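# What the coordinates show
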Amino acid sequence: VRPRRIGIPNASAKRLALMQKKLTGWLILLIIILGPLQFGGAARSLSSVPGYFRPYLADYPSLPVAIMVYQFLMGISIVVWAYTAWVLFRREPGTLKTAQVTFAAGAALCIVDSFSIIVLGGLPSDFANRMIERTVPAAAGSVLMCIVWYLYLIQSERVREIYAA
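Reference entry: report on the structure contained in this document. A quick note: this is a predicted structure, and the numbers were derived from the prediction, not measured.

## What to know about helix 5 (residues 125-155)
Because each turn of an α-helix spans 3.6 residues, side chains separated by three or four positions in sequence point in the same direction. When the terminal C-alpha atoms of helix 5 are compared, their 42 Å separation across 31 residues agrees well with the 45 Å that a helix rising 1.5 Å per residue should span. Its axis deflected by about 25° at Thr135, helix 5 carries its strongest bend there, up to four residues before the proline Pro137. Listed as buried for helix 5 are Phe127, Ala128, Met131, Thr135, Ala139, Cys146, Trp149, Tyr152 and Leu153. The elements touched by buried residues of helix 5 are helix 2 (25-53), helix 3 (63-90), helix 4 (96-120) and helix 6 (157-162).

Below, the structure is given as structure tokens:
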């Protein structure tokens, strides 16, 4: 007769238990949006914005700083949302609050960076107004999507089960 081992399960047994908490289709979609899709869109924006404003740099001395602020905020949002996707993917017990907070922080950073060049760039009012006309609808759509996903993270019982401590 072999003696039964009683004690704390090893790390691989814990990992197996976590992996048995399957991700739902909506969580998978959110992880894909926060990870590769958001990263790709942000990287494209980071590379195109400086070129778009290059003709105006000599005429508006605060514009380079505004572009750097935009790039800095966008870079931080990439990191924050990639971390959120990683936390959600790992399914560690008790990490749902972390995912909710980092998701909200990433959303706030994206909204603020949308307006950073308009506010800090020192651009003429007609140019800034045209930018606002394009930015407000996009930002409103982003806010709406972030609200929907945040409500999903805080209200879904299945999500709470997956991340229960």
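Having put the structure on the table, let's press on.
## A few points about the packing of aromatic side chains
With the rule as written, the count across this model stands at seven aromatic pairs. Taken together, a centroid distance of 5.0 Å and an interplanar angle of 55° make the contact between Tyr56 and Phe127 tilted. Here Tyr56, found in the loop between helix 2 and helix 3, pairs with Phe127, found in helix 5; they are 71 residues apart in sequence, far enough to count as distant. With a relative accessible area of 28%, Tyr56 lands in the partly exposed category. Taking relative accessible area as the criterion, Phe127 reaches 9% and is therefore assigned buried. Consider the rings of Tyr83 and Trp86, whose centres lie 5.8 Å apart with planes at 40°: the pair is tilted. Placement of the pair is Tyr83 and Trp86 together in helix 3, with a separation of three residues, close to one helical turn. The class of Tyr83 is partly exposed, set by a relative accessible area of 37%. With a relative accessible area of 45%, Trp86 lands in the partly exposed category. Chaining the aromatic ring pairs together yields one cluster made of Tyr52, Phe53, Tyr56 and Phe127. Directly above the aromatic system of Phe89 lies the positively charged group of Arg91, at a separation of 5.5 Å from the ring centroid.

Calculation criteria
- Residues numbered from 1 in each chain as written.
- Predicted model: local features only at pLDDT ≥ 70, side-chain atom pairs only at ≥ 80, totals over all residues.
- Heavy atoms only, no water.
- Helix = DSSP H or I, 4+ residues; strand = E, 2+ residues; numbered from the N terminus.
- Expected span 1.5 Å × (residues − 1).
- Bend = angle between axes of the 7 residues up to and from the residue.
- Buried < 20%, exposed > 50% of the residue type's maximum accessible area, 1.4 Å probe, protein only.
- Contact = heavy atoms within 4.5 Å.
- Phe/Tyr/Trp six-rings, centres within 6.5 Å; stacked < 30°, edge-to-face > 60°.
- Lys NZ or Arg CZ within 6 Å of the ring centre and 35° of its normal.

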